[in-house]
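Overview (structure and organization)
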Amino acid sequence: LVIFFFFKQKTAYEILSGLVGSEMCIRDRSGTHQHFLRKWAKKIPDCVIMSIDYRHAPEFGHPAVLDDVWQGYYWIITQCKAQLGIQPKTILIAGDSAGGNLVMGVVLRALHTNVRMPNGILLGYAALNLSLKYFVPSILLALDDYLLGFNCLMICLNSYVKEGDPSTDPYLSPVLINDEDLAQFPPIRLVVSGRDPLRDQSYKMFDRLMKLGKDVYLKEYKKFPHGIWSHDMPYGIQECKYSVTDAAAWMKELISKHENNLNSVSYTHL
């Protein structure tokens, strides 16, 4: 059985227990993530999707938001069998936009606290840098972007960063995770959109992972905006359905790879 965690950008639907969450700052009950989460649940056999609820800004920010998703992750991996009757063999963890930031924070905390690490990571157009000190060319797209305009980004940043310094804290800006820690991360798959102000953050992370010899792939969907998975909905951008299908294929590949490794270890042990 596979457990797949999803930390959402806006509103998400919990396939089993009905947990609903929101982005770090934007309250949106439109159900924009139901469409692709349901598709993934259908496309990936023997998969249980857990969507973690958490508090959000401006009332709550960092570290409260990360603490919430960490507690959800920790509860599931320690109580899943006893409380839900589920024995997770493979764990994937994923998130889009702000959720991608939280994913990296949870994996880093699992590493630092010697808690079971996920077996694979899927990041969708993730917010990997919250510092204004580190410039990437794609951020210039925010000058006229209809989704992530500069003013919107600043409101989210100022609302979320309650404690800490994004220019030094890797839990706020995962691009700052040191090489020693990053080298211990599981396989990572990155999805980026060509017209996304956050695009180059993922490219920088991809470049570092490649230099570390990690199992990492990146796919860019050119001319698409931020939030490509969420646009796969009725009256959305129909071409975005390919990014959802591709993500499901990546997850099945990560599951198969981990299960093959388990079988190999078991065979060697015997």
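Now for a quick tour of the structure. (Residues numbered from 1 in each chain as written. Predicted model: local features only at pLDDT ≥ 70, side-chain atom pairs only at ≥ 80, totals over all residues. Heavy atoms only, no water.)

Things to note about the overall build of the chain
Check the secondary structure of the chain and you find seven helices and six strands. Going from the N terminus to the C terminus, the chain shows its helices and strands as β-α-β-α-β-α-β-α-α-β-α-β-α. When each of the 270 residues of the chain is scored for burial, the buried share is 55%. A separation of at least 24 residues holds for 77% of the contacts in the chain among residues at least 6 apart in sequence. (Helix = DSSP H or I, 4+ residues; strand = E, 2+ residues; numbered from the N terminus. Buried < 20%, exposed > 50% of the residue type's maximum accessible area, 1.4 Å probe, protein only. Contact = heavy atoms within 4.5 Å.)

Let's talk about a nonpolar patch on the surface
Together, F135, L140 and L143 make up a nonpolar patch on the protein surface, roughly 360 Å² of accessible area in all. Along the chain, the position of F135 falls in the loop between β4 (120-124) and α4 (150-160). (Patch = residues over 30% accessible without salt bridge, like charges linked within 9 Å, V, L, I, M, F, W, Y side chains within 5 Å. Areas by Shrake-Rupley, 256 points an atom, 1.4 Å probe, with all protein chains shown as cover. Salt bridge = Lys/Arg side-chain N within 4 Å of Asp/Glu carboxyl O.)

Brief notes about the nonpolar core
Residues Y73, M104, I121, L123, F185 and I188 are the most contacted members of the largest nonpolar core, which totals 42 residues. Sorting the residues of this core by element identifies α2 (64-84), β3 (90-96), α3 (98-112), β4, α4, β5 (188-193) and α6 (199-211) as the ones contributing at least two each. Excluding its chain neighbours within four sequence positions, the residues that come into contact with I188 are I121, L123, L209, D215, V216 and Y217. (Core = buried A, V, L, I, M, F, W, Y, C linked by side-chain atoms within 4.5 Å.)

Points about the pairing of strand β6 (residues 216-221)
Sheet analysis places β5 next to β6, joined by six bridges and oriented parallel. Its bridge partner being in β6, V192 is matched across the sheet by E220. (Pairing = 2+ DSSP bridges.)

So, unusual backbone geometry
The omega torsion across H62 and P63 is 10°, close enough to zero to call that bond cis. Its place among the elements puts P63 in the loop between β2 (47-51) and α2. One non-glycine residue with positive phi stands out, namely N114, at about 60°. As for its position among the elements, N114 is in the loop between α3 and β4.

A closer look at the packing of aromatic side chains
Using the criterion set out here, one finds six aromatic pairs in the structure. Their ring planes at 50° and their centres at 5.7 Å tell us that F36 and W229 sit as a pair that is tilted. Within this pair, whereas F36 is found in helix α1 (residues 34-43), its partner W229 is found in the loop between β6 and α7 (241-269), the two being separated by 193 residues in sequence. Grouping residues by exposure puts F36 and W229 together as buried. With 5.9 Å between their ring centres and 35° between their planes, W70 and Y73 make a pair best called tilted. With W70 and Y73 both in helix α2 and three residues apart, the pair spans about one turn of that helix. Both residues of the pair, W70 and Y73, belong to the buried class. (Phe/Tyr/Trp six-rings, centres within 6.5 Å; stacked < 30°, edge-to-face > 60°.)

Here's the deal with the environment of I139
With respect to the secondary-structure elements, I139 resides in the loop between β4 and α4. Note: C-alpha distance between I139 and Q201 (62 residues apart in sequence) is 9.1 Å. Setting aside chain neighbours within four positions, we find I139 in contact with L153 and P197.

Let's talk about α1
Because an α-helix completes one turn every 3.6 residues, residues spaced three or four positions apart along the sequence face the same direction. Considered for burial, the residues of α1 that qualify are F36, L37 and W40. On an axial view of α1, the arc spanned by its buried residues comes to 105°, and they lie on one face. (Arc of directions from axis to C-beta.)

What to know about the pattern of salt bridges
A full pass over the atoms with the stated rule returns 13 salt bridges. D215 serves as the salt-bridge partner of K257, at 2.8 Å between the closest nitrogen and oxygen. With K257 in helix α7 and D215 in the loop between α6 and β6, this residue pair connects regions lying 42 residues apart in the sequence. For K257, a relative accessible area of 30% corresponds to the partly exposed category. Using a relative accessible area of 23% as the deciding quantity, one classes D215 as partly exposed. It is possible to trace a salt-bridge network through shared partners that takes in R189, D215, E253 and K257.

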